[in-house]
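Survey of secondary and tertiary structure
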Amino acid sequence: MKWFFKRYNELRLTELYELLKLRASVFVVEQDCSYLDLDGNDPRATHILGYKKDNLVAYSRIFRPGEIEKKYASIGRIVIQKQSRGKGIGIDLVKKSIIFCKKQFGDQIIKISAQVYLINFYKKCGFIEKGEVYLEDAIPHISMYLNYSD
């Protein structure tokens, strides 16, 4: 696996196309969920791209504290290509995303909006759930935090 961390203005046109295609193939087609993925936030994010043999198979985007969440750094659009799941790539992606946040933002709490069926996956990465389940684009989600304290 080769990993790249890029700001929006550093993405090549082909990389932007690949990441949008991956997100749409999973979040829109596979999950049968019609929603506008292009939310206007990509230009403010750092994008993590994971390639296996020149194919984009893993992706997430990261926002500094205050950019999306008032108090927290956030990781979103965490996605693994369907054929690449179950091989540890998802754990690697989340861990690399966490390490990036720690290096860039220091000891900040990281928040994710997790699909409920993935709670145990994110718990393996150190996240804990907090709050009530809510619907986001008709899919049950829950807020999860890393290093969260009351």
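Residues numbered from 1 in each chain as written. Predicted model: local features only at pLDDT ≥ 70, side-chain atom pairs only at ≥ 80, totals over all residues. Heavy atoms only, no water.

**Focus: the environment of Gln 115**
Within the fold, Gln 115 resides in strand β5 (residues 110–115). Each residue touching Gln 115, except ones within four places of it in the same chain, is listed here: Phe 27, Gln 31, Ile 139, Pro 140 and His 141. (Helix = DSSP H or I, 4+ residues; strand = E, 2+ residues; numbered from the N terminus. Contact = heavy atoms within 4.5 Å.)

**Thoughts on the pattern of salt bridges**
Close approach of charged atoms allows side chains of opposite charge to pair. Inspection of the entire model under this criterion finds 13 salt bridges. A salt bridge links Glu 30 to Arg 85; its shortest N-O distance comes to 2.7 Å. Here Arg 85 lies in the loop between β4 (73–80) and α2 (89–105) and Glu 30 lies in helix α1 (residues 13–30), a separation of 55 residues in the sequence. Among the residues examined, Arg 85 registers a relative accessible area of 33% and is labelled partly exposed. The partner of Asp 107 in a salt bridge is Lys 102, and the shortest N-O contact between them spans 3.7 Å. Exposure remark for Asp 107: the relative accessible area of 70% places this residue in the exposed category. For Lys 102, a relative accessible area of 27% gives the class partly exposed. In this structure, a network of salt bridges that share partners links the residues Arg 23, Asp 37, Asp 39, Asp 42, Arg 61 and Arg 77. (Salt bridge = Lys/Arg side-chain N within 4 Å of Asp/Glu carboxyl O. Buried < 20%, exposed > 50% of the residue type's maximum accessible area, 1.4 Å probe, protein only.)

**Some remarks on the packing of aromatic side chains**
Inspection of every chain in the model, using the stated rule, returns six aromatic pairs. Between the aromatic rings of Phe 4 and Tyr 51, the centroid separation amounts to 5.8 Å while the plane-to-plane angle is 75°, which identifies the pairing as edge-to-face. Remark: Tyr 51 occurs in strand β2 (residues 46–52) and Phe 4 occurs in strand β1 (residues 2–7); sequence separation between them is 47 residues. Look at Phe 4 and you get partly exposed, because its relative accessible area is 35%. In this structure Tyr 51 comes out as buried when scored by relative accessible area, which is 10%. Their ring planes at 85° and their centres at 6.4 Å tell us that Phe 100 and Phe 105 sit as a pair that is edge-to-face. We note that Phe 100, like Phe 105, is buried. Ring pairing ties together the aromatic residues Phe 5, Phe 100 and Phe 105, which thus form one cluster. (Phe/Tyr/Trp six-rings, centres within 6.5 Å; stacked < 30°, edge-to-face > 60°.)

Read these as geometric descriptors, not functional statements.
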